[in-house]
Amino acid sequence: MNISMMNINRDQMMARIGVCRFVLLICVAGFIAGCATEPPPLPPNNPADPQVRASSKKPRNVLLRDEVTLAIQKELSSTQVLAKSAESMQHDMQNMPGMQHGEMQHEGMEGHEGMQPKNAESEKKALANEIKKTSDEMKATSDAMKQKSDEMKAGAPIYTCPMHPQIHSDKPGKCPICGMKLIKKERAHESH
C-alpha cells in the first residue's frame, strides 16, 4: 500500500508540474507576441511622435519695442556715430593748447596744487623726514633686541617645553601650546 500511495503522489506531482509548464508556456508566448506587435498609437500632436512637425504657432515676442527700448536704441546709435567720427578724426598735436611737448599743465589747471613744482619739493622733504624717522625707530628696536639677546646668552637659564622645543622662556611657567611645565635648560648646553 505504501508503494501505491507513492505512485499516486508522484502522479499528482507530475500533473501539477505539467500544469505549471503549460501556464508558463502561455505567458512566454503572450509576452513574445506582445513585443512583436506595434505600440499603441500616441495622442495627436504628441512631441514623441516622429510624424508631428514643429509647432506652426510662433512664440510671443518677449522683446517688444516699447518706448524705453526705442529711446535707448536711439541714444546708442547717436553715440556710435560720434565714436566712429572720433576714430577717424586726425589730431594736430602741435596746435592743441596744453599738448605741446614739455608743458606740464593744461588750461584750467591753475588751482591744482598737486601739479605745482614747489609743492612737490615740500612733499619730497616730508617723505624723506618720515623715512628717516622710521629708520631711526627700526635701528632702536634692533639695538634693543640685540641687547636682550646678549643678556640671554650670558649663561642665564632658559626654560623650554619637553614636547615643544621651539618654546623658550627666561622664567619658569607653562607651555602655551600644551600646558606642560617648562623645564630648566642651561644655555651652555645649547649648540647655537
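Quantities reported herein were computed from a predicted structural model and do not represent experimental measurements. (Residues numbered from 1 in each chain as written. Predicted model: local features only at pLDDT ≥ 70, side-chain atom pairs only at ≥ 80, totals over all residues. Heavy atoms only, no water.)

Turning to the overall build of the protein, a few remarks are in order. In terms of helices and strands, the protein carries three helices and three strands. Looking at the protein as a whole, 7% of its 192 residues are labelled buried. For the protein, contacts bridging at least 24 residues in sequence account for 22% of all contacts bridging at least 6. Of the roughly 18,000 Å² of accessible surface on the protein, 62% is carried by carbon and sulfur atoms. (Helix = DSSP H or I, 4+ residues; strand = E, 2+ residues; numbered from the N terminus. Buried < 20%, exposed > 50% of the residue type's maximum accessible area, 1.4 Å probe, protein only. Contact = heavy atoms within 4.5 Å. Areas by Shrake-Rupley, 256 points an atom, 1.4 Å probe, with all protein chains shown as cover.)

By definition, the strands of a sheet pair up through backbone hydrogen bonds, in either a parallel or an antiparallel sense. Spatial strand order, β2-β1-β3: three strands in an open sheet with antiparallel pairing. Each edge of the sheet is formed by a strand with only one pairing partner; in this case those strands are β2 (168–169) and β3 (183–185). For strand β1 (residues 158–160) and β3, the ladder comprises three bridges, and the chain directions are antiparallel. What sits directly across from T160, in β3, is I183. (Pairing = 2+ DSSP bridges.)

This brings us to the state of the cysteines. In protein chemistry, a disulfide is the covalent bond that joins the sulfur atoms of two cysteines. What the rule picks out here adds up to zero disulfides. Cysteine C178 is unpaired, with the sulfur of C161 as its nearest cysteine sulfur at 3.7 Å. (Disulfide = S-S within 2.5 Å.)

So far we have only geometry, and geometry alone does not tell us how the molecule works.
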